[in-house]
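Residue strings, one per chain:
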Amino acid sequence: MPVIKINNLSKSYGEIHAVRNVSLEVAKGSIFGFLGPNGAGKTTTINILCTLLKPTSGTASIAGYDCNTESSGVRNHIGIVFQDTTLDKDLTAYENLLFHAYLYSVKRKDRKKKIEDSLEFVGLYERRHDLVKKFSGGMKRRLEVARGLIHDPEVLFLDEPTLGLDPQSRSNLWEFITKLPEKQGVTVFMTTHYMEEAEVCDQIAIIDRGSIIAQGTPNELKKSIGGDIIYIKTSDNEKAASDIEKLLNLKPTIKNGEIYVTVERGDTCLPELIRTLGESVLSVRLQRPTLNDVFLQLTGKQIRDVEISAGATLKENVRSHRRKFGRD
Amino acid sequence: MAEINAVYVLIARDLKKFVREKSRLLSTLARPVIWLFLVGGGMSRLVSDSMGMPYIQFIFPGILGMTILFGSIFSSISIIWDKEFGLMKEILVAPVSRFSIVIGKALSGSLISLLQATMILLISPIIGIDLGLQQIIYALAVSFLLAFCISSLGIIIATFFESFESFSAIMNFIVMPMFFLSGAMYPVQKLPDILKGVSKVNPLTYGVDALKHALLQDSRFTDFSIAMDIGVLIAASIIFVSIAGYLFTKRI
Ligand SMILES: Nc1ncnc2c1ncn2[C@@H]1O[C@H](COP(=O)(O)OP(=O)(O)OP(=O)(O)O)[C@@H](O)[C@H]1O
Ligand SMILES: [Mg+2]
């Protein structure tokens, strides 16, 4: 049962086509990754889904509510962590969540417990009475995740939740995010341009210049560009190659004293190969394609190398400027 | 119910921050006190005889109006801050109507101004104005109405700006002219016709006039009837809050 349905969605700003004919379905209880370089249209899509922006054409619905016409229904069923921080830095962590609980009319008797539980969940319970301006970037991010969960949303949107965090805080935050569907029963819709982070997603869509260019599970996407490559060195490569051909019905190649063969699932194929070739095996190597390879093949460019548009650079500057002055 | 919760929490947040920031509290009170004693006290020597009342007493209602003007405008244009630093997005995606957000903001500005006005009223005995309970209640009621009106106007202004760089423009081209063309510091009848016209469409003029009725109780210093003052303030409040609600749905 899809909880998010997007049908032929487009959004243009005059000449700029930020989103073009996007169609997607997101299954309930899954983690959905929306990947793409700067300016691809990720945030624009999220803003349409969370009713902050009207689409130029097309439709979208969340939990059965139309994003264009039933905004109140949609808003009641979603939680959002925006790309830029949206906390009140002059309030404490607890007060920020209390503010949210009132805005979403969380029942009086549940309020305190819900807030404390979600603070506990993201590991900020001890710091609940500290002003948010004293929090690190990672703590603010976690607090925003906690806030997004207080009203038990069906879908939690995370727009680049790990942007600007150090590797440790990133993996920290990922731990929380991957636990979400199981623990909170929420569907996660997230964007990122760290391809390696997207590995944990159940489904992925890759967007580039407003259009979806690929969609599937991480494994499907990796398979779509050719699957795993096994490299084997043996004492007799010619003989081994013909053995492999017989076994797998695939023609291996010999190059630089190594045999290599592309298979669908390297992890299950490898033990079989070694058993067949027996003692003659000198070394083996398994290379699995990454989502970066997928992106590279689909767009001809590395996601992180994509030329950053002037607008995006400006945005980054503003952000780092704000960070410098401790206002973000 | 959802809407009432939202209005409540928007007010609670602003009040909490207002009370928490002691420096802001002090500086909002310092301005009117400085004007009252430095400008009012200084000018007293020049003009008091010709007025039939110490000048410092004459400007007291105007200073109260000034307190409300600044308090309300500042409170409302904090919306620009919320837009710049993101919190406004959190508010806008909540399942709450835009109109409730406007009402919440207008009421929080009104209450903060009312708090400040009350503190300024406490000065009245020092400058020789003795007030009865009825006068105090009347002055506070007018203060609240005026504060609601100006707060709503402040929200309208806030919808037009994205960053706080425009702050001094708002001060110089809107707030200060409103203050000087309200009869707060000097009677407006003696101004050139064009400025007199401007003062007639300035809601603060009617607020200050109503405060003069309440605090001075001397018809020589008022320009309109009480009924007219209150009527204009109520009408302006309704118009401003409607425009603010409309702009909030369209622009933000
Ligand atoms: N308000 C706007 N007016 C005009 N153009 C806009 C506006 N908002 C976004 N755009 C343009 O739409 C395109 C998509 O922007 P969007 O913010 O959705 O990208 P993104 O995928 O979220 O990028 P990033 O990774 O940098 O956050 C960009 O070319 C951007 O310049
Ligand atoms: Mg974005």
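Residues numbered from 1 in each chain as written. Chains lettered and ligands numbered in written order. Predicted model: local features only at pLDDT ≥ 70, side-chain atom pairs only at ≥ 80, totals over all residues. Heavy atoms only, no water.

K.L.:
Help me out: how do you make sense of the site of ligand 1 in this one?
P.N.:
Residues and elements named next belong to chain A. Inspection of the region around ligand 1 gives 14 residues, with Asn38, Gly39, Lys42, Thr43 and Thr44 positioned closest. One of the side-chain N or O atoms of Gln83 is found 2.9 Å from an oxygen atom in ligand 1. Contact with the protein chains hides 69% of the accessible area of ligand 1, taken as 630 Å² for the molecule alone. Looking at the shell around ligand 1, the elements with two or more residues in it are strand 2 (16-27) and helix 1 (42-49). Broken down by element, the residue count for the shell around ligand 1 peaks at three residues, all from helix 1. (Near = heavy atom within 4 Å. Polar contact = N/O pair within 3.5 Å; in protein donor to acceptor, adjacent residues only side chain to side chain. Areas by Shrake-Rupley, 256 points an atom, 1.4 Å probe, with all protein chains shown as cover. Helix = DSSP H or I, 4+ residues; strand = E, 2+ residues; numbered from the N terminus.)

K.L.:
Teacher, can you tell me more about the pattern of salt bridges here?
P.N.:
Per the counting criterion, the structure on display carries 28 salt bridges over all chains. Note that Glu95(A) and Lys16(B) form a salt bridge whose closest N and O atoms lie 3.5 Å from each other. Placement of Glu95(A) in helix 3 (residues 93-103) and of Lys16(B) in helix 1 (residues 2-20) is noted, with the two residues assigned to different chains. Assessed through its relative accessible area of 13%, Glu95(A) is described here as buried. Overall, the relative accessible area of 39% leaves Lys16(B) in the partly exposed class. Residue Asp117(A) is joined to Lys113(A) by a salt bridge in which the shortest nitrogen-to-oxygen separation is 2.7 Å. Of the two residues, Asp117(A) and Lys113(A) are both situated in helix 4 (residues 108-121); the distance of four residues between them amounts to about one turn of the helix. Look at Lys113(A) and you get exposed, because its relative accessible area is 55%. Linked by salt bridges that have partners in common, Asp88(A), Asp90(A), Lys133(A), Arg13(B), Asp14(B), Lys17(B), Asp82(B) and Lys105(B) make up one network. (Salt bridge = Lys/Arg side-chain N within 4 Å of Asp/Glu carboxyl O. Buried < 20%, exposed > 50% of the residue type's maximum accessible area, 1.4 Å probe, protein only.)

K.L.:
Just to check I follow, could you spell out the sheet that holds strand 1 (residues 2-13) of chain A for this structure?
P.N.:
Sheet strands line up and pair through hydrogen bonds in the backbone, either parallel or antiparallel. All names here are of chain A. Within the open sheet, the four strands sit side by side as 2-1-4-5. Their pairing is antiparallel. The outermost strands of the open sheet, each flanked by one partner alone, are strand 2 and strand 5 (65-66). As paired strands, strand 4 (residues 57-62) and strand 5 are joined by two bridges and run antiparallel to one another. Directly across from Ile62, in strand 5, lies its bridge partner Tyr65. Docked against the sheet, helix 1 engages strand 1, strand 2 and strand 4, running at close to 120° with respect to strand 1. (Pairing = 2+ DSSP bridges. Contact = heavy atoms within 4.5 Å. Axes fitted to C-alpha atoms, helices over the stretch in contact; angles between N-to-C directions.)

K.L.:
Sorry, what's going on with the environment of Leu25(B) here?
P.N.:
Residues and elements named next belong to chain B. If you trace the backbone, Leu25 turns up in helix 2 (residues 22-51). Residues Leu25 and Gln116, spaced 91 residues apart in sequence, show a C-alpha to C-alpha distance of 8.3 Å. Filtering out sequence-adjacent residues up to four positions away, Leu25 remains in contact with Phe18 and Met119.

K.L.:
Got a minute to help me understand the coordination of the magnesium ion (ligand 2) in this structure?
P.N.:
Ideal geometry at a metal centre: 109.5 degrees between donors when four sit tetrahedrally, and 90 or 180 degrees when six sit octahedrally. All names here are of chain A. Listed as protein donors to the magnesium ion (ligand 2) are Thr43 (OG1) and Gln83 (OE1); their distances from the metal cover 1.8 to 2.1 Å. Here the residue Thr43 occupies a position in helix 1, and Gln83 occupies one in the loop between strand 6 (78-81) and helix 3, the gap between them amounting to 40 residues. Judged by relative accessible area, Thr43 falls into the partly exposed class, the value being 25%. (Donors = N, O, S within 2.8 Å, 3.2 Å for Na, K, Ca; no water.)

K.L.:
Any chance you could explain the confidence of the model for chain A here in plain terms?
P.N.:
Detailed reading of predicted coordinates is not advised where the pLDDT is low. Residue and element names in this part refer to chain A. With 91% of its residues at a pLDDT of 70 or more, chain A shows a mean pLDDT of 86. No element of chain A has a lower mean pLDDT than helix 11 (residues 310-324), which averages 43, and none a higher one than helix 3, which averages 97. Long-range and interchain partners of residues 305-328, a stretch whose pLDDT sits below 50, account for 22 contacts in this model, where long-range means more than four residues apart. (pLDDT = per-residue confidence, 0-100.)

K.L.:
Can you help me understand the packing of aromatic side chains in this one?
P.N.:
Aromatic ring pairs: the centre-centre distance and the angle between the two ring planes describe each pair. All names here are of chain A. Counted by the stated rule, this structure contains 14 aromatic pairs over all chains. Ring pairing ties together the aromatic residues Phe32, Phe34, Phe157 and Phe189, which thus form one cluster. Positioned over the ring face of Tyr13 is Lys11, at 5.5 Å from the centre of the ring. (Phe/Tyr/Trp six-rings, centres within 6.5 Å; stacked < 30°, edge-to-face > 60°. Lys NZ or Arg CZ within 6 Å of the ring centre and 35° of its normal.)

K.L.:
Sorry if this is basic, but what is going on with the nonpolar core here?
P.N.:
Considering soluble globular proteins, one finds that nonpolar side chains tend to be buried as a cluster. Counting 152 residues, the largest nonpolar core has Ile4(A), Phe157(A) and Phe189(A) as its most contacted members. With 13 residues, the single largest contributor to this core is helix 7 (residues 133-159) of chain B. Counting eleven residues, the second-largest nonpolar core is a separate cluster that includes Ile232(A), Ala240(A), Ile244(A) and Val263(A). (Core = buried A, V, L, I, M, F, W, Y, C linked by side-chain atoms within 4.5 Å.)

K.L.:
Sorry if this is basic, but what is going on with the sheet that holds strand 9 (residues 203-208) of chain A here?
P.N.:
Residues and elements named next belong to chain A. Ordered in space as 6-7-8-3-9-10, the six strands form an open sheet in which the pairing is mixed. With one partner strand each, in any of the chains shown, strand 6 and strand 10 (211-216) form the two edges of the open sheet. Taking the axes of each pair of neighbouring strands and ignoring which way they run, one obtains an average angle of 15° across the sheet. Where strand 6 meets strand 7 (residues 155-159), four bridges bridge the pair, whose relative direction is parallel. Within the sheet, the bridge partner assigned to Val81 lies in strand 7 and is Leu158. Relative to strand 7, helix 5 (residues 137-149) is tilted by about 155°, and along the sheet it contacts strand 6 and strand 7. Each of strand 9 and strand 10 touches helix 10 (residues 291-299); the most contacted strand, strand 9, lies at about 35° to it.

K.L.:
How should the interface of chain B and chain A be read in this particular structure?
P.N.:
The figure often quoted for interface size is the accessible area lost as the parts come together. Every contact between the two is made by 25 residues of chain B and, on the other side, 27 residues of chain A. Across the chain B/chain A interface, buried area totals approximately 2400 Å², and carbon plus sulfur atoms make up 60% of it. Considering only the side of chain B, the residues that lose the most area to chain A are Phe85(B), Glu90(B) and Val93(B), jointly responsible for 28% of the buried surface there. Where chain B packs against chain A, one counts six salt bridges. The closest approach of N and O atoms between Lys17(B) and Asp88(A), which form a salt bridge, is 2.9 Å. The tally of links between chain B and chain A comes to ten residue pairs in polar contact (both at pLDDT 80 or more). Of all the secondary structure elements, the ones that give two or more residues to the side of chain B that touches chain A are helix 1 and helix 5 (87-92) of chain B. The element that contributes the greatest number of residues to the side of chain B that touches chain A is helix 1 of chain B, accounting for ten residues. By residue class, the composition of the side of chain B that touches chain A is 14 nonpolar, two polar and nine charged. (Buried area = accessible area lost by both parts, 1.4 Å probe. Nonpolar A, V, L, I, M, F, W, Y, C, P; charged D, E, K, R; others polar.)

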